[in-house]
Amino acid sequence: MSRHPAHLLLSAAAWLGFVVVTVWTMAFLAGVVVPRTVDGPDRTTTARAVAIDLALLLFFAVQHSVMARRQVKSWLSRRIPTALERTSYVLATDICLALLLVLWQPWGGQIWHAEGPVMVIAWSLFAAGWALTITATFAVDHLELMGLRQAGWATARDPGLTSDLYVGGLHAVVRHPLMTGLVLAFWATPRMGASHLLFALAATGYIAVGIMFEERDLRNTFGAAYDDYAARVPALLPRLPVRRGSVHSPDPSRRAIRRRTAAAEDVRTETGEDTG
């Protein structure tokens, strides 16, 4: 395994950037600590604010989708070391998200404002959403998802395992736990303003489209095995437990079929092509 110092440094910088923008986004949505928040005071006209916010959301979506395309990844791999291809994706995402957080223009009035027990529940769900999101990155392969493994911070995994689909742990509850966490974090708030609503709607719509393409890719890859998994496990919302008269042992063939990797997580950001 190559451990080039520059690769290690750049991948570590990308990972640290990811940590910073993640915490920043939490504060941005919660309306605390950071100077500019999703529902802060108006700084410009409503029309201009909406136009800027939509442009920022589109810019992030385009970067996230285009850089996940097979052709772009192949083009990058011919110009930068293969070990840094994933790192370049993470760095670009860090930059685009930071720009959104810095340039976001709050606008509009308040949609809802909760206090008392409802406020406590909302903040608890908000925290749970972020906890689930972060935990889900480790349920896949956090080091590979962040580009650290490829850059040499950890040994490469057995190539024979990289195409396996994992259906245990969080993935036994919902098929896309990372996306479940994000949707929960975007919507669970005791104070929902118009600009926050725009952010939540746009982000949720993007996630829905991404899941559609990922599901298509997974079905093409795993066929009936994924169909069986999808029939048993919901995509985003866990099923409520149902009391039965007796408890049956699960069919061993329905347990961990294969292991999902960070490459599979990329597919949700595509616009219709396999990432490879």
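Just so we're clear, the structure is a prediction, and the values are computed from it rather than from any experiment.

Visitor: In this structure, what is going on with the overall build of the chain? I would like to understand it.
Guide: Secondary structure assignment for the chain yields 11 helices and two strands. Within the chain, the proportion of its 276 residues that are buried is 45%. Counting contacts in the chain only where the partners sit at least 6 residues apart, residues at least 24 apart contribute 84% of the total. About 14,000 Å² of surface is accessible on the chain, with carbon and sulfur atoms providing 68% of the total.

Visitor: Can you walk me through helix α8 (residues 177–187) in this structure?
Guide: Structurally, the α-helix is built with 3.6 residues per turn, so residues lying three or four positions apart point the same way. Counting buried positions over the 11 residues of α8 gives eight, a clear majority of the element. Within the sequence span of α8, burial applies to P177, L178, M179, T180, G181, L182, A185 and F186. Where the residues of α8 are buried, they touch α1 (5–30), α5 (117–140), β2 (191–193) and α9 (194–222).

Visitor: Just to check I follow, could you spell out the pattern of salt bridges for this structure?
Guide: Oppositely charged side chains can pair when the atoms bearing their charge come close. Enumeration over the complete set of coordinates arrives at five salt bridges. The salt bridge partner of R149 is D141, with a shortest N-O separation of 3.1 Å. Comparing R149 with D141 shows no difference in burial state: the two are buried. Of the charged contacts in the structure, one is a salt bridge between D227 and R219, with a shortest N-O distance of 2.9 Å. Through salt bridges with shared partners, one network takes in R175, E215, R219 and D227.

Visitor: How should the packing of aromatic side chains be read in this particular structure?
Guide: For any pair of aromatic rings, the description rests on two quantities: the centre-to-centre distance and the angle between the ring planes. Counted by the stated rule, this structure contains seven aromatic pairs. Between F126 and W130, the aromatic rings sit 6.4 Å apart at their centres with planes inclined by 75 degrees, giving edge-to-face as the arrangement. Taken together, the residues span about one helical turn, with F126 and W130 both in helix α5 at a distance of four residues. Ring geometry for F186 and F199: centres 5.4 Å apart, planes at 85 degrees, overall edge-to-face. Residue F186 is found in helix α8, and its partner F199 is found in helix α9; the two are separated by 13 residues along the sequence. Each member of the pair F186 and F199 is classed as buried. Members of the aromatic cluster, joined through ring pairs, are F28, W104, F186 and F199.

Visitor: Honestly, the environment of T135 in this entry has me stumped. Any pointers?
Guide: Looking at the secondary structure, you find T135 in helix α5. Given a relative accessible area of 41%, T135 falls into the partly exposed group. Each C-alpha atom of the pair T135 and G181 lies 9.2 Å from the other, and the pair is 46 residues apart in sequence.

Visitor: Where do I start with the nonpolar core in this structure?
Guide: Across soluble globular proteins, nonpolar side chains have a tendency to be buried as a group. Core analysis: the largest hydrophobic core is formed by 32 residues, its most contacted members being F28, L29, L100, W104, L182, F186 and F199. Counting residues per element, the ones that place at least two in this core are α1, α2 (46–66), α4 (85–103), α5, α8 and α9. At seven residues, the largest contribution of residues to this core is made by α9. Apart from the residues within four sequence positions on either side, F28 is in contact with V34, R36, T37, V38, L101, W104 and F199. In this structure, L165, V167, A230 and V233 belong to the second largest nonpolar core, which totals eight residues.

Visitor: Mind showing me how you'd approach the packing of α2 against α9 here?
Guide: To describe two helices that pack against each other, one gives the angle between their axes and the distance between the axes. Where α2 contacts α9, the two axes come as close as 11 Å, and the packing angle between them is 20 degrees. By the angle class used here, α2 and α9 are roughly parallel. For the pair α2 and α9, the sense of crossing is right-handed. Note on element contacts: α9 touches α2 through L198, F199, A202 and Y206, opposite D53, L54, L57, A61, H64 and S65. When its residues are assigned to classes, the contact of α2 with α9 shows seven nonpolar, two polar and one charged.

Visitor: Would you mind showing me how to read the environment of A61 here?
Guide: Structurally, the position occupied by A61 is in helix α2. Taking the relative accessible area as the measure of exposure, A61 reaches 15% and is therefore buried. Residues A61 and I207, spaced 146 residues apart in sequence, show a C-alpha to C-alpha distance of 9.9 Å.

Criteria and cut-off values
- Residues numbered from 1 in each chain as written.
- Predicted model: local features only at pLDDT ≥ 70, side-chain atom pairs only at ≥ 80, totals over all residues.
- Heavy atoms only, no water.
- Helix = DSSP H or I, 4+ residues; strand = E, 2+ residues; numbered from the N terminus.
- Buried < 20%, exposed > 50% of the residue type's maximum accessible area, 1.4 Å probe, protein only.
- Contact = heavy atoms within 4.5 Å.
- Areas by Shrake-Rupley, 256 points an atom, 1.4 Å probe, with all protein chains shown as cover.
- Salt bridge = Lys/Arg side-chain N within 4 Å of Asp/Glu carboxyl O.
- Phe/Tyr/Trp six-rings, centres within 6.5 Å; stacked < 30°, edge-to-face > 60°.
- Core = buried A, V, L, I, M, F, W, Y, C linked by side-chain atoms within 4.5 Å.
- Axes fitted to C-alpha atoms, helices over the stretch in contact; angles between N-to-C directions.
- Parallel < 35°, antiparallel > 145°, perpendicular 65-115°, else oblique.
- Left-handed = near helix turned anticlockwise from the far one by under 90°.
- Nonpolar A, V, L, I, M, F, W, Y, C, P; charged D, E, K, R; others polar.

Keep in mind that these numbers describe shape and distance, not what the molecule does.
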